[in-house]
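In case you want the letters, here they are:
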Amino acid sequence: MIPAASPVLQPSPVDARTEASGDAAVGALSADWRRLWRESVRDPHELLAMLGLEALAGRLSRSAAEQFPLRVPRGFVGRMRHGDASDPLLRQVLPLDDEERLLPGFVLDAVGDTAAGIATGVLRKYQGRALLITTGACAVHCRYCFRRHFPYAGQAASRDGWAGALDAIAQDPTIDEVILSGGDPLSLDTPKLAQLTAALARVPHLKRLRIHTRLPIVLPERVDDALLDWIDGMPWPVAVVVHANHANEFDADVDAAMGRLRGTGATLLNQAVLLRHVNDSVDALAALSERAHAAGVLPYYLHQLDRVQGAVHFEVDDSTALALHDGLSSRLSGYLVPRLVREVPGDTGKRPLTPLRQDPADG
């Protein structure tokens, strides 16, 4: 079994208020995101039955599912291929017995979050930037998540009404960018987000806001009118960094959500994780970059796996990762090639992966 306590997750959102919209279809979708959240698939056996994959039940891990519960919106399930046990979207969310493998180097805190805390819910890893753990809730539970063991119960920035987090940021004039993270910050209701950013707007040294979120990909209905108004009203330039690992995660609803986000003037970027049997081929990575760009999202980072306990079966070795990135660079225009990086605790930024040996002709 995995010797770790389950993260305490924020309760699912409450019922939505009716939201007016000039587009009736968009308005109906917008008002439904909380209901769709509540209706997410939580039972691994139900998920397999929906996909005609009951034969995979013997591979499920009860202990993994108890400690890090399955959660996946039904719309995201609808993008999975029926009857395909190797579907790349399914692999990202299904709690398999592979998660029970314990190997040296795979730890509970893979990226040094604990050491980076400067206040409740505030992580300070890089010069000029502060990351807020806004919540522990996510619309989807990705099995490779580097914060799957994070102690959210006592470490969400909203725990004391943002007071401690805001004070820590205000006291440090070298912080000019705040990153909203989690969990997923867009799992919070928009008025709660607006309360936070209104307080941040009173900090004179902030110049930029970044939002790290998977919701527009897995639950595009979250991109409703209220959310758009909130982003549009920010006093700083805003970057929305979404997270998709495979081209099949995009569909017409996601495209529409990306278009609406672009309409606020936000910069849209995608960060992906290199995952074994999900996107570990040049074809898959090229398709992801091209599909994201078609939706108006620029490829940003391709992360090597954070070595969190329970995710060993997703790891791609560095030499393979470098070869894949080289193949991607040969195939695509430069602006479609994400940076291949790894997060190393204590580093002052993401560490680019480079060949172990450099050809003298290139030196």
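All of these numbers come straight from a predicted model, not from anything done at the bench.

A separate point is the pattern of salt bridges. For the structure on display, the rule yields 28 salt bridges. Where Glu-249 meets Arg-214, a salt bridge forms, and the shortest distance between an N and an O atom there is 2.7 Å. One end of the pair, Glu-249, is in the loop between β6 (238–242) and α13 (252–262); the other, Arg-214, is in the loop between β5 (208–213) and α11 (215–218), and 35 residues separate them in sequence. Of the residues examined, Glu-249 reaches a relative accessible area of 0% and is grouped as buried. Classification of Arg-214 by relative accessible area gives buried; the value is 8%. With a shortest N-O distance of 2.9 Å, Asp-283 and Arg-331 are connected by a salt bridge. With a gap of 48 residues between them, Asp-283 in helix α14 (residues 282–294) and Arg-331 in helix α15 (residues 318–331) connect regions that are remote in the sequence.

Right, let's get into the confidence of the model for the chain. Predicted coordinates in areas of low pLDDT are best not read in detail. Looking at the chain as a whole, the pLDDT averages 89, with 89% of positions reaching at least 70. Within the model, pLDDT remains below 50 along residues 1–31, and this stretch shows 70 contacts once partners closer than five positions in the same chain are excluded. In the model, residues 359–363 has pLDDT below 50 throughout and makes one contact with residues more than four positions away in sequence or in other chains.

Look at α14: 18 Å from first C-alpha to last across 13 residues, which is about the 18 Å you get at 1.5 Å a residue. Those residues of α14 that sit buried are Val-282, Ala-284, Leu-285, Ala-286, Leu-288, Ser-289 and Ala-292. Backbone geometry just after α14 places Gly-296 at a positive phi near 90°.

Considering only alpha carbons, one finds Glu-249 and Met-80, 169 residues apart in sequence, at a separation of 8.7 Å. Apart from the residues within four sequence positions on either side, Glu-249 is in contact with Phe-76, Arg-79, Leu-89, Gln-92, Arg-214, Ile-217, His-243, Ala-244 and Val-254. There is a polar contact of 2.7 Å between the side chain of Glu-249 and the side chain of Arg-214.

The buried fraction of β6 is high, at five of five residues. Here β6 shows two buried faces, one formed by Val-238, Val-240 and Val-242 and the other by Ala-239 and Val-241. Taken together, the four bridges between β6 and strand β7 (residues 267–273) define a ladder with parallel strand orientation. Within the sheet, the bridge partner assigned to Ala-239 lies in β7 and is Thr-267. Running through α13, the crossover from β6 to the neighbouring parallel element β7 is right-handed.

What follows is about the environment of Thr-197. On the secondary structure map, Thr-197 appears in helix α10 (residues 190–200). According to the relative accessible area criterion, Thr-197 is buried, its value standing at 6%. Sequence-wise, Thr-197 and Ile-231 are 34 residues apart; in three dimensions their C-alpha atoms are separated by 9.8 Å. Thr-197 has contacts with Leu-209, Trp-230, Met-234 and Trp-236, leaving out every residue within four places of it along the chain.

Moving on, we get to the sheet that holds strand β1 (residues 117–119). If you trace the 10 strands from one edge of the open sheet to the other, you get β1-β2-β3-β4-β5-β6-β7-β8-β9-β10, paired in mixed fashion. Two strands lie at the open edges of the sheet, namely β1 and β10 (351–352), each paired on one side alone. Where strand β3 (residues 129–133) meets strand β4 (residues 177–181), five bridges bridge the pair, whose relative direction is parallel. Residue pairing for β4: Leu-132 is matched across the bridge by Leu-180.

Time to look at the packing of α10 against helix α12 (residues 225–232). Put simply, α10 and α12 touch, their axes get as near as 10 Å, and they point 10° apart. As far as their axial angle goes, α12 and α10 are roughly parallel. Here α10 contributes Thr-190, Leu-193, Ala-194 and Thr-197 to the contact with α12, which in turn contributes Ala-226, Leu-227 and Trp-230. Looking at the contact of α10 with α12 residue by residue, the class counts come to five nonpolar, two polar and no charged.

Roughly 900 Å³ of volume is contained in the largest pocket. Around the largest pocket, the lining is made up of 45 residues, and of these Phe-146, Arg-147, Ser-181, His-212 and Gln-271 lie nearest the centre. At the level of elements, β3, β4, β5, α11, β7 and β8 (298–303) are the ones that each hand at least two residues to the lining of the largest pocket. When the residues that make up the lining of the largest pocket are grouped by side-chain class, the tally is 22 nonpolar, 11 polar and 12 charged. Looking at the second largest pocket, its volume works out to about 210 Å³. In terms of lining, the second largest pocket is formed by Leu-56, Arg-59, Ala-85, Ser-86, Leu-90, Arg-91, Leu-94, Leu-96, Asp-98 and His-277.

Parameters at a glance
Along every chain, residues carry numbers that run from 1 in the direction the sequence is written. Confidence filtering applies because this is a predicted model: local features only for residues at pLDDT of at least 70, side-chain atom pairs given and counted only at 80 or more, and all residues used for totals across whole chains, interfaces and linings. With hydrogens and water set aside, each side-chain value is computed from the structure's full complement of heavy atoms. We define a salt bridge as a contact between a side-chain nitrogen of Lys or Arg and a carboxyl oxygen of Asp or Glu at a distance within 4 Å. Segments assigned H or I by DSSP are reported as helices when at least four residues long, segments assigned E as strands when at least two residues long, and all are numbered from the N terminus. Using a 1.4 Å probe on the protein chains alone, a residue whose accessible area is under 20% of its type maximum counts as buried, one over 50% counts as exposed, and one in between counts as partly exposed. A residue's pLDDT is the confidence the predictor assigns to it, expressed on a 0 to 100 scale. Only heavy atoms matter for contacts: two residues are in contact if any of them lie within 4.5 Å across the pair. Take the number of residues in a helix, subtract one, and multiply by 1.5 Å to get its expected span. Here a polar contact means two N or O atoms within 3.5 Å. Within protein one must be a hydrogen donor candidate and the other an acceptor candidate, and residues neighboring in sequence count only if both atoms are side-chain atoms. Whether two strands pair depends on DSSP finding at least two bridges between them. For the handedness criterion, the strands are oriented away from the viewer, and a crossover whose path from the first strand over the helix to the second runs clockwise is classed as right-handed. Throughout, an axis means a line fitted to C-alpha atoms (over the contacting stretch in the case of helices), and angles, computed between N-to-C directions, take values from 0 to 180 degrees. Note that the term roughly parallel is reserved for angles under 35 degrees, roughly antiparallel for angles over 145, roughly perpendicular for angles of 65 to 115, and oblique for everything else. Think of it as three bins: nonpolar holds Ala, Val, Leu, Ile, Met, Phe, Trp, Tyr, Cys and Pro, charged holds Asp, Glu, Lys and Arg, and polar takes everything else, Gly as well. Here a cavity denotes grid points, spaced 1 Å and computed from the protein atoms alone, that fit a 1.4 Å probe unable to get out, and a pocket denotes an open set having protein on both sides within 12 Å along at least 5 of 7 lines; residues with an atom within 4 Å of a point are the lining. Grid points are joined across faces, edges and corners, and a volume is the space filled by probe spheres set on the points.

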